[in-house]
Amino acid sequence: MDRKQMITLAVMAALLILPPLFIWTGYAFYLDLATRLVILAIAAVSLNLLLGYGGMASFGHAAFIGIGAYAVGIPAYHNTYGEFELVASYNGFFQIFLAVAITALFALITGIICLRTKGVYFIMITMAFAQMVFYLFISLEVYGGDDGLVIDTRSEFPLLNLDNPLHLYFFSFISLAAAMLIVRTIARSQFGMVLKGAMGNEERMIALGYNTYAYKLTAYVISGAMCGYAGALLGNFTTFISPEMMGWTRSGELMFMVILGGAGSTIGPVIGSGLFVLVEELLSSFTIYWHLPFGLMLILVVLLFRGGLLGLISGNSKSGGH
Amino acid sequence: MDSLLTISGLTKSFGGVHATNDVNLEVAKNQLHAIIGPNGAGKTTLISQLSGTLRPDAGRITFEGRDITATPAYKRAGLGITRSFQITSLLSAMSVIENVALAVQARNKHSFRFVRAAHKISYLRDEAMRALEKVGLAHRAGENTAGLSHGEHRQMEIALALATNARLMLLDEPMAGLGPTESEKMIEILQGLKSTHTILLIEHDMDAVFALADQISVLVYGKIIATGTPDEIRSNVAVRHAYLGEE
């Protein structure tokens, strides 16, 4: 087992054991923090499939989170207040199916357009689509507009009660582990090799006979759907769903997490999310201007350690580029 | 003579410059057909049109009897045309064998295979090793691509072309930037491929061309001024005048 795998296991073991300890020792607040961390980590893992293995810097992933959250909130809202019987439901399987299906479809439609561009243009157009969704939900007065939507009933599953913080935590944790396993498996598969190839040298891959566009689009849809799933969890966690969940800063934060932790690795995005959530918590208790030191830290990590924090602790970091 | 590739009336201009001017060419099966010509004669432009990255303004390209003039680049590779690049174009973040395995993998109809780890598929590994052996790089298989020398990179380019199982190899100056011993090695490699592969070779190195080619075409200012065996080309007056620089 190499060092990266050991770090992966250690981080996951800590995430498995520590949060229950928090609640049993009376620090319930830290369980909340851990739940947020784990859910954001799923979103970061999904972005990593694009950014770390496909070289696609999507600046619109917040939209998938938002759509996923509303896919929980809107059925719950109608089940409580009536109308629109077709989607009204508290059923968790239905809500999550809705979240994944709609984000996959949204990813397919926007991906077809976004992936015709590269580099900065790709960043801008993904962000533009996300802003479009952001303003769409702001304009939807039925669901609270920019005030958002409070759900009084979380997704319902058999044997599982998401109102119980530990249930919600472990549900999220298992989801994270599954997401990591899925992305890791894809990255090592033949599909993943093509994706990495297209990131490294697209012209060469086309010359070899690969329709790189189709592979990138597929990755984009998988990533979007996975991020939508994370959004459904986040909606359940906060029980308050508002357009603010999909502001462009959220997309930026997800990118931070991936790059900070180490893009193109299994555990990197999780480490990045952990650090992000902790630093946000710590710094924001000192100053409301916590973004400034956080930004400086990010710049330092990117400049000094290739492969992010994971590169640093696993000893695989080369300082500077070549 | 069985023709694998037929080019007729191919024309491509950039602004007012005819990079390719009414080019007609036949490449016969299992032959090595070389194209020579001075710098700026339009050799790489021709390769780009054959591999599909550039669309010609006029003319037709037929491969195995099928009109491929409008076929996109990635599909041409699927039909059996592969190219190497004049400026080395590899996946430098991957190992040598991973590069070649990706070329082997390209033989499949598609690579939408998400579950099995690629490096555990023995067929990809074995075929990649075979291609690496043919170019004498088997001992470097596990190395990082970025760590190889320029000469070895040029050999990798050939290995990638080989690994796709293409029936037509478009080789764009495989000798570019090679020293004398490396050139000799490359000539040896190409000599080994000649009998089993159809190759369209673009090359500046005249020793290599005259040693390897079955047919030579001379391209000057986008026009083919002569086609023939090496002996015919050597004695062709127009060629000597325009290209070989003799009175």
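Nothing here was measured: the structure is a model prediction, and the numbers come from that model. (Residues numbered from 1 in each chain as written. Chains lettered and ligands numbered in written order. Predicted model: local features only at pLDDT ≥ 70, side-chain atom pairs only at ≥ 80, totals over all residues.)

Caption draft 1: Spotlight on the interface of chain B and chain A. Each partner contributes residues to the interface: chain B has 25 residues there, and chain A has 20 residues. Secondary-structure elements contributing two or more residues to the side of chain B that touches chain A are α2 (73-79) and α3 (96-105) of chain B. Of the residues forming the side of chain B that touches chain A, the biggest block, 4 residues, is contributed by α2 of chain B. Here the residues of the side of chain B that touches chain A are counted per class, giving 15 nonpolar, 7 polar and 3 charged. (Contact = placed C-beta atoms within 7 Å. Helix = DSSP H or I, 4+ residues; strand = E, 2+ residues; numbered from the N terminus. Nonpolar A, V, L, I, M, F, W, Y, C, P; charged D, E, K, R; others polar.)

Caption draft 2: Spotlight on the domain arrangement of chain B. Residues and elements named next belong to chain B. For chain B, the assigned domains are domain 1 (1-80 + 167-247) and domain 2 (90-165). Between domain 1 and domain 2, the residue contacts involve 9 residues of the former and 12 residues of the latter. Top element by residues in the side of domain 1 that touches domain 2 is helix α6 (residues 180-194). It accounts for 4 residues. (Domains from an automatic or database assignment.)

Caption draft 3: Region of interest: the sheet that holds strand β9 (residues 215-220) of chain B. All names here are of chain B. Taken together, the 6 strands give an open sheet; going across it, the order is β6-β7-β8-β3-β9-β10, and neighbouring strands pair in mixed fashion. Two strands close off the open sheet at either side, each with one partner strand: β6 (81-83) and β10 (223-228). Looking at each pair of strands side by side, their axes are set apart by 15 degrees on average, direction ignored. Sheet topology places strand β3 (residues 32-36) next to strand β8 (residues 198-202); 4 bridges connect them, and they run parallel. Paired with Ala34 across the two strands is Leu201, which belongs to β8. Contacts from helix α1 (residues 43-51) reach β3, β6, β7 (168-172), β8 and β9 within the one sheet, and its direction differs from that of β7 by about 150 degrees. (Pairing = 2+ DSSP bridges. Axes fitted to C-alpha atoms, helices over the stretch in contact; angles between N-to-C directions.)

Caption draft 4: Expanded view of the pairing of β9 of chain B. All names here are of chain B. Taken across its 6 residues, β9 has 5 buried, putting it largely inside the fold. Two strands pair when backbone bridges link them, and β3 and β9 are joined in this way by 4 bridges, in the parallel orientation. Paired with His33 across the strands is Gln215, a residue of β9. As defined by bridge partners, β9 adjoins β10 across 5 bridges and the pair is classed as antiparallel. (Buried ≥ 20, exposed ≤ 12 C-beta atoms within 10 Å, placed from the backbone.)

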